[in-house]
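# Commentary on secondary and tertiary structure
Listed below, chain by chain, are the residues.
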Amino acid sequence: MDFKISMVKGQPVWDALPVGKIIYYPLEKRDYRPFAQVRMCVNETDFFLRLWAFETRPSPESVLMARLAFAPDQKEPYLQIRVDSFGGMDCTVQDGEKKTPLALYGVLPQLHSYRGEDLEGEYWGVVVTLPRSAVQKIYGTDPIAPGYAMRGNLYKEDTAPKSSHRGSLFPIDLEQEDPFGPASFQPFVFVNY
């Protein structure tokens, strides 16, 4: 199973992009599995990631996270973008046990957080705009092109005792040492419609 990332010109038209649903909550024994979604696209200069979760009162520990490996033949390094329900963001490059803040590569993503309500309920979310130059600096090349497949997974988690949960876009293998790490990564294919 893979997820398509659209290549666009100019700014994203979010409603025209494929939607990924974070629905795999393998460790959750209760019925609390917040519905969360993702949309991604790339243009000539930026990689866009839109994440949102339907939660009425998210705890301060409620986060959405993307782990993306732009070099699919390597499990690491991968980029981890972690955002919380209050608009905070943490971006790191994970390479084995070493975590390097993305800021040390001399490039930072932009973050736009939002909250709202629709017929589905109350939600919170973010749009992350990552300059493609970050991919170049981390991997030494920017391989993004039609047909190129990177690997990764997206997660919704909360570590607060009363609302703890952990879900993913792609299924995970609980037999792995780190089931939410590179062992759970699946392909994201760039397409130019």
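Read on for a plain summary of the structure. Not measured: the values here are computed from a predicted model.

The rules behind each value
- Residues numbered from 1 in each chain as written.
- Predicted model: local features only at pLDDT ≥ 70, side-chain atom pairs only at ≥ 80, totals over all residues.
- Heavy atoms only, no water.
- 1 Å grid on protein atoms, 1.4 Å probe; cavity = no way out; pocket = protein on both sides within 12 Å on 5 of 7 lines; lining within 4 Å.
- Points joined across faces, edges and corners; volume = space filled by probe spheres on them.
- Pairing = 2+ DSSP bridges.
- Helix = DSSP H or I, 4+ residues; strand = E, 2+ residues; numbered from the N terminus.
- Salt bridge = Lys/Arg side-chain N within 4 Å of Asp/Glu carboxyl O.
- Buried < 20%, exposed > 50% of the residue type's maximum accessible area, 1.4 Å probe, protein only.
- Contact = heavy atoms within 4.5 Å.
- Polar contact = N/O pair within 3.5 Å; in protein donor to acceptor, adjacent residues only side chain to side chain.
- Patch = residues over 30% accessible without salt bridge, like charges linked within 9 Å, V, L, I, M, F, W, Y side chains within 5 Å.
- Areas by Shrake-Rupley, 256 points an atom, 1.4 Å probe, with all protein chains shown as cover.
- Lys, Arg positive; Asp, Glu negative; His and termini not counted.
- Charge placed at Lys NZ, Arg CZ, Asp CG, Glu CD.
- Core = buried A, V, L, I, M, F, W, Y, C linked by side-chain atoms within 4.5 Å.

This next bit is on the layout of surface pockets. For the largest pocket, the calculated volume is near 300 Å³. Forming the walls of the largest pocket are 14 residues, and the residues nearest its centre are Glu76, Glu97, Glu177, Asp178 and Pro182.

Relative to strand 8 (residues 98–101), strand 7 (residues 89–95) is paired through four bridges, and the arrangement is antiparallel. Looking at strand 8, one finds that Asp95 is bridged to Lys98. Remark: two residues form the turn of the hairpin made by strand 7 and strand 8, two consecutive strands paired antiparallel; Gly96 in that turn has positive phi of roughly 65°.

The next subject is the pattern of salt bridges. With the rule as written, the count across this model stands at six salt bridges. Between Asp2 and Lys4 there is a salt bridge, with the nearest N and O atoms lying 3.2 Å from each other. As a salt-bridge pair, Arg166 and Glu157 come within 2.8 Å of each other at their nearest N and O atoms.

With that out of the way, let us pick up the environment of Arg82. Following the sequence through the fold, Arg82 ends up in strand 6 (residues 78–84). Using a relative accessible area of 26% as the deciding quantity, one classes Arg82 as partly exposed. Sequence separation between Arg82 and Arg115 is 33 residues, and the spatial gap between their C-alpha atoms is 17 Å. In contact with Arg82, other than residues within four places in its own chain, are Val63, Leu64, Met65, Gly88, Met89, Asp90 and Glu157. Among the polar contacts listed, one links the side chain of Arg82 to the side chain of Glu157, at a separation of 2.5 Å.

Another aspect to go through is a negative patch on the surface. Together, Glu117, Asp118, Glu120 and Glu122 line one region of the surface with negative charge. Topologically, Glu122 is positioned in strand 10 (residues 121–131). Judged by relative accessible area, which is 33%, Glu122 ranks as partly exposed.

Another aspect to go through is the nonpolar core. One broad rule of soluble globular proteins: the nonpolar side chains tend to lie buried together. Grouped together as the largest cluster of nonpolar side chains are 48 residues, with contacts concentrated most on Phe47, Leu49, Leu154 and Phe188. It is strand 5 (residues 62–69) that contributes the most residues to this core, five residues altogether. Residues Trp52, Phe54, Tyr123 and Val127 belong to the second largest nonpolar core, which totals 10 residues.

All right, on to the pairing of strand 5 then. Most of strand 5 is tucked away, with eight of its eight residues classed as buried. Judged by which residues are buried, strand 5 turns out to be covered on both faces: Ser62, Leu64, Ala66 and Leu68 on one side and Val63, Met65, Arg67 and Ala69 on the other are all buried. Pairing analysis gives six bridges linking strand 5 to strand 6, with the strands arranged antiparallel. Its bridge partner lying in strand 6, Arg67 is registered against Gln80.

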